Amino acid sequence: MSDVTTFSATVSATTRNGILVVTIDNPPVNATSADVRLGLSRALAHAEAEGAISGVIINGAGKTFIGGADIKEFGKPPVEPTLPDVIERIEALSKPVVAALNGAALGGGLELALACHYRIASPTALLGLPEVKLGIVPGAGGTQRLPRLIGIPAAIELIASGRITKAGEALSLGIIDEIAGTDLIDAAINAVQKLAGKPFRRTGELAIASADPAEIDKVSGKLLTKARGQKAPTEAVRLIASSHRPLAEGLADERATFLTLRDSREAAALQHVFFAEREAPKVAGLEGVDPRPIDTIGICGLGLMGSGIAAAALGAGYTVIGLDQTLEAAGKGRERIIGLLERNLASGRLDQPDFDAQTARLSVTATDVDLTPCDLVIEAVFDDLDIKIDLFRRLDKVIRPDAILATNTSYLNPDEIASASKHPERVVGLHFFSPAHVMRLLEVVRCKETAPDVLTTGLAVAKRLRKLPVVTGVTEGFIGNRIFSAYRREAEFLLEDGALPHEIDAALEDYGFPMGLFAVYDMAGLEIAWARRKRQAATREPSERYVEIADRLCEAGRLGQKSGRGWYAYADGKRTVDPQVTAIIEAERTKKGVVVRSFSQAEIQKRLLDAMTAEGEALLAEGIAARASDIDLVMINGYGFPAHKGGPMFAKN
Ligand code: 3H9
């Protein structure tokens, strides 16, 4: 071992056995910022010039290899050397360069590794080119070098989806050459020694395996349908599919495409979402407030929602105690939870030992006192105030004074539920979205009395559950359902004013929603909203505009797909426009004397977007949402708003 040589503030090296071991230390994720690129190019020049150096190893400090290009540099004037310059220099070096992937090698990080002459990874390393998720294509050779290693169809599958792979899969695909059995740097030194003095493999010089065009079409068709017209995946497919041309030509096309996309609206939207997700869990005033330790979670009510929460909690390593009203109901809940875990087992997301460990951490009961060991109890019982209040009073008697109580209510006032507890400061809202084991969004409701460390615990639990937490204040429906109500109210106004359900749905799908609003209603069923409207009828402000079309549909027994018809007809299971629905709508318009007009797709999109953003502004003014970007995340992750439009608050600008 020799002394440390410093090449820049973020790049240094030691020499071991005549090999230059270069370490990138640029927290938090070793992004290839200007200083890293400078340091690397100096290190490479040093290695080339020094006769005593036989090869180079590149690795990252901490738990990441390189998280990618520095996204914060996008939009700023370019600083030389560029990443493609550095990468070209690596590939051309006359001495072997080995990438020692100690952790995530993503984006520009993987591109740098692809140009090395050998790749060796620790068993926990993650690899991927997730650029399309930021609205761009890889811009430093990824679309040209990856197909040279793994073939065109596999490269399309990875790059156009932005999917991250684990080391094992990367090895079997041929992205890496070895997984280190012992110490990563020792193994990398071995690899350099084996390569030194021999002709070594330069990825850019490899011939591309011929691929069946039908297979390319099949892989790309599936991904592009899912991408719903986004530019980056389409361009990625084009670049990979044409990668058999000379490397320099492909690289030039890739770079130009990267630069164009980098400055696009879609990329700005997706990068806004990237940073919004990292900002959301940061709550002003809670810096340095430690969460309480949580190991055992009680879940009250083992219906669909409770079972989903239980499955997510087991998957995150918590011990779960489920409570339901009777032993029979608790037993059924247990079966439902195990059923969800079995699905994970069947799909390969869980292996047998993990499945066994998760089921061993689950118990169910119908006796309140069995919840005594819980650090956190989440109620997911029927959304009825009296039922929830009764439950919280009972729980107060059995759980520890420092245990946390969470309510999963969607529409009730959690402050009223909290006041049923003798310790309202231990109450927080955790509003999961259905199905709770799948949906990423979790609204963390800060009630009037919620203690700071109870809120930070809610956020910490969300993180461990791999959810995306967004903090919301108390208001009917919280952030998401308030905006959703405003948006569907506007959609119903549009119906009355002249647009038909399929026209509104087509406008939403054209905008990028996976499914139109009325098609979603039919899938979910219309009866719950109908029941709520009937409850609210007595207190509704008579001067408020109220559209009765949905009521007429329900009265006619059109309760959605389950009843075979709703906003659409479902003959043979296929969604079709139903003249009977059009007739109901027209009758209501005539009754109200509406002067009907037609709407273009752009007009429909604007009216719905305006309704969402107006409600979003109101939520900000009332202090219910802390930031506009939090509102964007809720609408993207809970209500199908297209991420590549950045969310309603971003899109309005
Ligand atoms: C690219 O590479 C383009 C090239 O093809 C072409 C170039 C020519 N830059 O996620 P975390 C920050 S595009 C700048 O919570 P984790 C993040 O904002 C890039 N900053 O950590 C946060 O900051 P703060 C392609 C970045 O441990 C902090 O790091 N790469 C970058 O849960 C911690 O982030 C990607 O898309 C970045 N590239 O997960 C990968 N990445 O503390 C993006 C992160 O101020 N990154 N930050 O809030 C990730 O997926 C995860 O961050 C990673 C670590 C898995 C690496």
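Above: the structure in question.
Residues numbered from 1 in each chain as written. Predicted model: local features only at pLDDT ≥ 70, side-chain atom pairs only at ≥ 80, totals over all residues. Heavy atoms only, no water.

(A) Structural context of the pairing of strand S12 (residues 296–300). Among the five residues of S12, five are classified as buried, and the element is accordingly described as predominantly covered. The alternating pattern of S12 places Thr296, Gly298 and Cys300 on one face and Ile297 and Ile299 on the opposite face, and all of these are buried. Where S12 and strand S13 (residues 319–323) come together, five bridges link them in parallel fashion. Bridging across to S13, Gly298 finds its partner in Ile321. (Buried < 20%, exposed > 50% of the residue type's maximum accessible area, 1.4 Å probe, protein only. Helix = DSSP H or I, 4+ residues; strand = E, 2+ residues; numbered from the N terminus. Pairing = 2+ DSSP bridges.)

(B) Fine view of the environment of Phe478. In this fold, Phe478 is placed in helix H18 (residues 478–497). With 47 residues separating them in the primary sequence, Phe478 and His431 have C-alpha atoms 8.9 Å apart. Excluding its chain neighbours within four sequence positions, the residues that come into contact with Phe478 are Thr409, Ser410, Leu412, Pro414, His431, Glu443, Val445, Thr472 and Gly473. (Contact = heavy atoms within 4.5 Å.)

(C) Looking closely at empty space enclosed by the protein. If you walk through the whole model with that rule in mind, you get two cavities of 30 Å³ or more. Reported here for the largest cavity is a volume of approximately 60 Å³. At the level of secondary structure, the elements contributing two or more residues to the lining of the largest cavity comprise helix H19 (501–511) and helix H24 (601–621). Per-element accounting of the lining of the largest cavity gives the leading share, four residues, to H24. Its residues assigned to classes, the lining of the largest cavity shows seven nonpolar, one polar and no charged. The wall of the second largest cavity is formed by Leu500, Pro501, His502, Trp567, Tyr568, Val577, Asp578, Val581 and Thr582. When contributions to the lining of the second largest cavity are tallied by element, the ones reaching two or more residues are H19 and helix H23 (579–592). Looking at the lining of the second largest cavity, its residues break down into six nonpolar, two polar and one charged. (1 Å grid on protein atoms, 1.4 Å probe; cavity = no way out; pocket = protein on both sides within 12 Å on 5 of 7 lines; lining within 4 Å. Points joined across faces, edges and corners; volume = space filled by probe spheres on them. Nonpolar A, V, L, I, M, F, W, Y, C, P; charged D, E, K, R; others polar.)

In short, geometric facts, not functional conclusions.
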